[in-house]
Amino acid sequence: MRLRRHPLARQILSTHPLVVQQPEESKGQWETLFPSKQPLYIELGTGKGQFLAKAATLHPHINWIGVEKIEEPLMHAVQKGEATECTNLRYIWMDITKLEEVFAPEAEVDRIYLHFSDPWPKTRHAKRRLTHHTFLDKYRNVLKQGGDLILKTDSVSLFDFSLEELEAHGWKIVEMSRDLHQSEWANTNITTEYEEKFSGRGFTINYVRAYPPRER
Ligand SMILES: C[S@@+](CC[C@H](N)C(=O)[O-])C[C@H]1O[C@@H](n2cnc3c(N)ncnc32)[C@H](O)[C@@H]1O
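Residues numbered from 1 in each chain as written. Predicted model: local features only at pLDDT ≥ 70, side-chain atom pairs only at ≥ 80, totals over all residues. Heavy atoms only, no water.

The name given to the protein in an unreviewed UniProt entry is tRNA (guanine-N(7)-)-methyltransferase, with Baia soyae as the source organism. Regarding the protein, the relevant UniProt record gives this comment under Catalytic activity (unreviewed entry): "guanosine(46) in tRNA + S-adenosyl-L-methionine = N(7)-methylguanosine(46) in tRNA + S-adenosyl-L-homocysteine". (UniProt positions renumbered as here; feature names shortened; annotations may be inferred.)

What follows is the structure, encoded as structure tokens:
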């Protein structure tokens, strides 16, 4: 996602009430940031935030957090979130590599969404893929008992790699489709910006839901 640099993006994000400024300080107490104690779902690489704004509106009994490292898309996401007037929605301006610094182990996160993550097609960049097992370990560490991971992507190579990584590292795949929009999960699917862009160009959407391994 290459958006033109916005001169005020940093300033807006640094002061916006929906952006959690010192997320490490909320480790272990995320529920205190929201009006209601309820499940916490997080979207990693939230981009311009369409999914999150729709999800928070449709599912008020869930607390939602979007994590994004680039200012410009996050600024758009926050503006969309603000327009919803939802109180169950926050954003973190952060690199996903720091996930374990801001969420307590196995205590807070009920679901992780990865939507249209960068595919990093070159083999030498495999470690950067957000479903490389070094990232899967972070997700396992922060997910609560019974928590799960959902991935959607247009990229067949990233999807194949992700299935291999999940299976090789003990994750239990419970739902899977190589054409989500024609599947039994289509009715409850909430589309992202990238999803609409790629499905509009004729790409099918790959989908998987999985539980982490729990034995240590
Ligand atoms: C291809 S876009 C998809 C955006 C959105 N999820 C969608 O489906 O429309 C991927 C997003 O993930 C973000 N991202 C990639 N790696 C990240 C990381 N390590 N930490 C935080 N955000 C990341 C990028 O900045 C980008 O906004």
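A. Structural context of the packing of aromatic side chains. By the definition in use, this model includes 10 aromatic pairs. Centroid distance Trp 185 to Tyr 207: 5.3 Å. Interplanar angle 40°. Geometry classified as tilted. Of this pair, Trp 185 sits in the loop between strand S6 (172-177) and helix H7 (193-200) while Tyr 207 sits in strand S7 (residues 206-211), placing them 22 residues apart in sequence. Trp 185 gets classed as buried once you look at its relative accessible area, which sits at 18%. For Tyr 207, a relative accessible area of 7% puts it in the buried group. An aromatic cluster is built from Tyr 41, Phe 51, Trp 64 and Tyr 113, whose rings are joined through pairwise contacts. Arg 90 extends its terminal NZ or CZ atom over the ring of Phe 34, reaching a point 5.0 Å from the ring centre. Of note, Arg 129 hangs over the ring of Phe 161, and the distance from its end group to the ring centre comes to 4.6 Å. (Phe/Tyr/Trp six-rings, centres within 6.5 Å; stacked < 30°, edge-to-face > 60°. Helix = DSSP H or I, 4+ residues; strand = E, 2+ residues; numbered from the N terminus. Buried < 20%, exposed > 50% of the residue type's maximum accessible area, 1.4 Å probe, protein only. Lys NZ or Arg CZ within 6 Å of the ring centre and 35° of its normal.)

B. Inspection of the UniProt feature "binding site: substrate" (unreviewed entry) in the protein at higher detail. The sites that UniProt annotates as "binding site: substrate" (unreviewed entry) are Lys 122, Asp 154, Thr 192, Glu 193, Tyr 194 and Glu 195. Across 74 residues in sequence, these annotated residues place their C-alpha atoms as far as 24.9 Å from one another, rather than forming a single compact spot. Looking at the element boundaries, Thr 192 is found in the loop between S6 and H7. Those residues within four positions of Thr 192 in sequence are excluded, and the remaining contacts are Glu 43, Gln 50, Phe 51, His 115, Phe 116 and Lys 152. For Thr 192, the side chain forms a polar contact with the main-chain nitrogen of Glu 195, separated by 3.0 Å. Within the secondary structure layout, Tyr 194 lies in helix H7. (Contact = heavy atoms within 4.5 Å. Polar contact = N/O pair within 3.5 Å; in protein donor to acceptor, adjacent residues only side chain to side chain.)

C. Spatial organisation of the site of the ligand. As a matter of local geometry, the ligand sits amid 17 residues, with Gly 45, Glu 68, Ile 96, His 115 and Thr 192 nearest to it. Between the ligand and Ile 96 there is a distance of 2.9 Å, counted from a nitrogen atom to a backbone nitrogen or oxygen. Within the contact set of the ligand, an oxygen atom lies 2.9 Å away from a backbone nitrogen or oxygen of Tyr 194. Look at the ligand: alone it shows 600 Å² of surface, and the protein chains cover 93% of it. Looking at the shell around the ligand, its residues break down into six nonpolar, five polar and six charged. (Near = heavy atom within 4 Å. Areas by Shrake-Rupley, 256 points an atom, 1.4 Å probe, with all protein chains shown as cover. Nonpolar A, V, L, I, M, F, W, Y, C, P; charged D, E, K, R; others polar.)

D. Layout of the sheet that holds strand S5 (residues 143-153). Taken in spatial order, the seven strands make up an open sheet running S3-S2-S1-S4-S5-S7-S6, and their pairing is mixed. The open sheet has two edge strands with one neighbour each: strand S3 (89-93) and S6. If you compare each strand with its neighbour and ignore which way they point, the axes differ by 20° on average. Where strand S4 (residues 109-115) lies against S5, six bridges are found, and the strand directions are parallel. Looking at S5, one finds that Tyr 113 is bridged to Ile 150. Across the sheet, helix H6 (residues 156-168) lies against S5, S6 and S7, angled at about 15° from S7, the strand it touches most. (Pairing = 2+ DSSP bridges. Axes fitted to C-alpha atoms, helices over the stretch in contact; angles between N-to-C directions.)

E. Highlighting unusual backbone geometry. Backbone geometry at Glu 85 places phi at a positive 60°, although glycine is not the residue there. Its place among the elements puts Glu 85 in the loop between helix H3 (71-84) and S3. Positive phi outside glycine occurs at Glu 106, with the angle close to 50°. Following the sequence through the fold, Glu 106 ends up in the loop between helix H4 (99-102) and S4. Using a relative accessible area of 28% as the deciding quantity, one classes Glu 106 as partly exposed.

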